[in-house]
Amino acid sequence: MAAIDNTLAAASTATARTRTTVGRWLTAGAVTNTLMAGTYVAFSATVMPWLGTKSDAGFVTTMQDINTGIENPLFFAVFTAAMAAPAVAAWKLRRLGGGTAMKWALAALALYTTTVLTTSGINVPLNQMLAHAGSADPTKTRTDFETTWNIWNGIRAVLSTAAAVAMVKAVRLYRRSA
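All values reported here derive from a predicted model rather than from experimental measurement.

1. A few points about the overall build of the protein
Argument step 1. The secondary structure content of the protein amounts to 5 helices and 0 strands.
Argument step 2. When the helices and strands of the protein are read in sequence order from the N terminus, they spell out α-α-α-α-α.
Argument step 3. Its C-alpha radius of gyration of 21 Å places the protein more than 25% over the 16 Å reference for a compact globule of 178 residues.
Argument step 4. Put simply, of all contacts in the protein between residues at least 6 apart along the chain, 80% involve residues at least 24 apart.
Argument step 5. On the protein, roughly 9600 Å² of surface is accessible, and the fraction owed to carbon and sulfur atoms is 66%.
Argument step 6. The averaged location of the 7 negative side-chain charges in the protein is 23 Å from the averaged location of its 15 positive side-chain charges.

2. A look at the packing of aromatic side chains
Argument step 1. Under the defined criterion, the tally for this structure stands at 6 aromatic pairs.
Argument step 2. Relative to phenylalanine 76, the ring of phenylalanine 75 has its centre 5.7 Å away and its plane inclined at 70 degrees; by these criteria the two rings are edge-to-face.
Argument step 3. Look at phenylalanine 75 and you get buried, because its relative accessible area is 19%.
Argument step 4. Each ring, one from phenylalanine 75 and one from phenylalanine 79, has its centre 5.8 Å from the other, and the planes form 25 degrees; the classification is stacked. With a gap of 4 residues between them, phenylalanine 75 and phenylalanine 79 both fall in helix H3 (residues 73–95), about one helical turn apart. Phenylalanine 79 carries the same exposure label as phenylalanine 75, and that label is buried.
Argument step 5. Each member of the aromatic cluster is reached from another via a ring pair, and the members are Phe43, Phe59, Phe145 and Trp149.
Argument step 6. The ring of tryptophan 91 carries the charged tip of arginine 94 above its face, separated from the ring centre by 4.0 Å.

3. Topic: the pattern of salt bridges
Argument step 1. All told, the structure shown has 3 salt bridges when counted by the stated rule.
Argument step 2. For glutamate 146, the salt bridge is made with arginine 142, and the minimal N-O distance between the two is 2.8 Å. Pair noted here: glutamate 146 and arginine 142 are both in helix H5 (residues 138–177), with a separation of 4 residues, about one helical turn.
Argument step 3. In the salt-bridge network here, residues are joined through shared partners; they are Asp56, Arg142 and Glu146.

4. Brief notes about a nonpolar patch on the surface
Argument step 1. Side chains of Ile151, Trp152 and Ile155 sit close together on the surface and give an oily, nonpolar patch of about 240 Å² of accessible area.
Argument step 2. Within the fold, isoleucine 151 resides in helix H5.
Argument step 3. A relative accessible area of 48% means that isoleucine 151 is categorised as partly exposed.

Conventions we followed
Residues numbered from 1 in each chain as written. Predicted model: local features only at pLDDT ≥ 70, side-chain atom pairs only at ≥ 80, totals over all residues. Heavy atoms only, no water. Helix = DSSP H or I, 4+ residues; strand = E, 2+ residues; numbered from the N terminus. Rg over C-alpha atoms; globule rule 2.2 N^0.38 Å. Contact = heavy atoms within 4.5 Å. Areas by Shrake-Rupley, 256 points an atom, 1.4 Å probe, with all protein chains shown as cover. Lys, Arg positive; Asp, Glu negative; His and termini not counted. Charge placed at Lys NZ, Arg CZ, Asp CG, Glu CD. Phe/Tyr/Trp six-rings, centres within 6.5 Å; stacked < 30°, edge-to-face > 60°. Buried < 20%, exposed > 50% of the residue type's maximum accessible area, 1.4 Å probe, protein only. Lys NZ or Arg CZ within 6 Å of the ring centre and 35° of its normal. Salt bridge = Lys/Arg side-chain N within 4 Å of Asp/Glu carboxyl O. Patch = residues over 30% accessible without salt bridge, like charges linked within 9 Å, V, L, I, M, F, W, Y side chains within 5 Å.

Structure representation (structure tokens):
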């Protein structure tokens, strides 16, 4: 009988640790998705409208500087974690039986993955075009860059905000089920 009790106690402890770990992954996903949403929204609401008041040459050189500065380890860590954390949380939730929290984590993963695809397929190539343009013809460079980049950044802002909301919903559902 003692062996059965020890087995049940060990299983209960393992389940409690797993639940704690899942909660941490869900929280990490909510935080990092919120940070990324904030980044995209800040660009749409403040940075790009402010840059829009600059001369063509000022716009191009400032945006080139911003693009260089944003490429740093902290940004890349948050950018990557915003996709990894919901994926790990969903995987671990599946092992606990899935449920509605897992579906919200998967929704967040799908939404944020779309922002990553948009970033890598549209915004980054535009940033690279801007970087290689130098200062030869700032009017043409700005024309080729600004409107398209702003539209797709707005789409990233909406998608990443939706991903953040989905992760917060997953956290709330998971905590209610505890």
